[in-house]
Amino acid sequence: QVQLVESGGGLVQAGGSLRLSCAASGRFYRINVMAWYRQAPGKQRELVAGITSGGNTNYVDSVKGRFTISRDNAKNTVYLQMNNLKPEDTGVYYCNADIRTTRGDEYDYWGQGTQVTVSS
């Protein structure tokens, strides 16, 4: 069974930094796109950043220049380095991965979420 386990959330003052990690475990053939989403209180979940297996990245406009997504394919891990954090970055951050199983099926997997709180 595939699992995504996140770590690295917490409370930080505005202007500070945090680094989120998400490791995939279990039996699978390949991880395709990995991404980070976030959900602020009372708002819909939104895509923050994504990265393909080849390293191509995309970001929501509000985090460009402040956040960096990266991945270590050997460790099946994706990271989100968040710098110059703002109160509006507060929310629960979820890891997402599109994974091909050993049977050839592709599924979307989600982590349990990690809270990021930025105080002003």
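Above: the structure in question.
Attention in this report is confined to the structure presented alongside it.

What counts as what
Residues numbered from 1 in each chain as written. Predicted model: local features only at pLDDT ≥ 70, side-chain atom pairs only at ≥ 80, totals over all residues. Heavy atoms only, no water. Helix = DSSP H or I, 4+ residues; strand = E, 2+ residues; numbered from the N terminus. Rg over C-alpha atoms; globule rule 2.2 N^0.38 Å. Buried < 20%, exposed > 50% of the residue type's maximum accessible area, 1.4 Å probe, protein only. Contact = heavy atoms within 4.5 Å. Areas by Shrake-Rupley, 256 points an atom, 1.4 Å probe, with all protein chains shown as cover. Lys, Arg positive; Asp, Glu negative; His and termini not counted. Charge placed at Lys NZ, Arg CZ, Asp CG, Glu CD. Phe/Tyr/Trp six-rings, centres within 6.5 Å; stacked < 30°, edge-to-face > 60°. Pairing = 2+ DSSP bridges. Axes fitted to C-alpha atoms, helices over the stretch in contact; angles between N-to-C directions. Polar contact = N/O pair within 3.5 Å; in protein donor to acceptor, adjacent residues only side chain to side chain. Core = buried A, V, L, I, M, F, W, Y, C linked by side-chain atoms within 4.5 Å.

Some words on the overall build of the protein chain
For the protein chain, the helix and strand inventory stands at zero helices and 11 strands. Beginning at the N terminus, the succession of helices and strands in the protein chain can be written as β-β-β-β-β-β-β-β-β-β-β. A globule of 120 residues ought to have a C-alpha radius of gyration of about 14 Å, and the protein chain, at 14 Å, matches this closely. Its C-alpha atoms give the protein chain principal-axis dimensions of roughly 50 × 25 × 25 Å. Taken across its 120 residues, the protein chain has 41% of its residues classed as buried. Taking the intrachain contacts of the protein chain between residues at least 6 apart in sequence as the baseline, contacts between residues at least 24 apart amount to 54%. Total accessible area on the protein chain stands at roughly 6500 Å², and carbon and sulfur atoms take up 44% of it. Taking the average location of the 13 positive side-chain charges in the protein chain and that of its 10 negative ones, the two points are 3 Å from each other.

Remarks on the packing of aromatic side chains
On inspection of all chains with the given rule, the structure shows two aromatic pairs. For the ring pair Tyr107 and Tyr109, a centre distance of 6.4 Å and an interplane angle of 70 degrees mean the geometry is edge-to-face.

Examining the sheet that holds strand 8 (residues 77-82)
Here we have four strands laid out as an open sheet, ordered 1-3-8-7, and antiparallel in their pairing. Whereas interior strands pair on both sides, the edge strands pair on one side only; in this sheet they are strand 1 (3-7) and strand 7 (67-72). The sheet shows a mean angle of 15 degrees between the axes of neighbouring strands, taken without regard to direction. In terms of strand pairing, strand 1 meets strand 3 (residues 18-25) through five bridges, oriented antiparallel. Looking across to strand 3, one finds that Ser7 is bridged to Ser21.

Comments concerning the side chain of Thr77
Summarising the element assignment, Thr77 is placed in strand 8. At 2.9 Å, the side chain of Thr77 forms a polar contact with the backbone oxygen of Lys75. Sequence-distant contacts of Thr77, defined by excluding residues within four places in its chain, comprise Cys22, Ala23, Met34, Ser70, Arg71 and Asp72.

Overview of the nonpolar core
Ranked by internal contacts, the top residues of the largest apolar core, which has 28 residues, are Trp36, Phe67, Val78, Leu80, Met82 and Tyr93. Among the secondary structure elements, those contributing two or more residues to this core are strand 3, strand 4 (30-39), strand 5 (46-51), strand 7, strand 8, strand 9 (91-100) and strand 11 (114-119). Apart from the residues lying within four places of it in its own chain, the contact partners of Val78 are Leu20, Ser21, Cys22, Met34, Trp36, Ile51, Ile69, Ser70, Arg71 and Cys95.

Some words on the pairing of strand 8
When you tally the buried positions in strand 8, you get five out of six residues, the bulk of the element. Direction of pairing for strand 3 relative to strand 8: antiparallel, over a ladder of six bridges. Note on strand 8: the bridge partner recorded for Leu18 is Met82. Counting the residues that bridge the hairpin from strand 7 to strand 8 gives four residues, and of these Asn76 lies at a positive phi of roughly 55 degrees.

The values are spatial; any link to function lies outside them.
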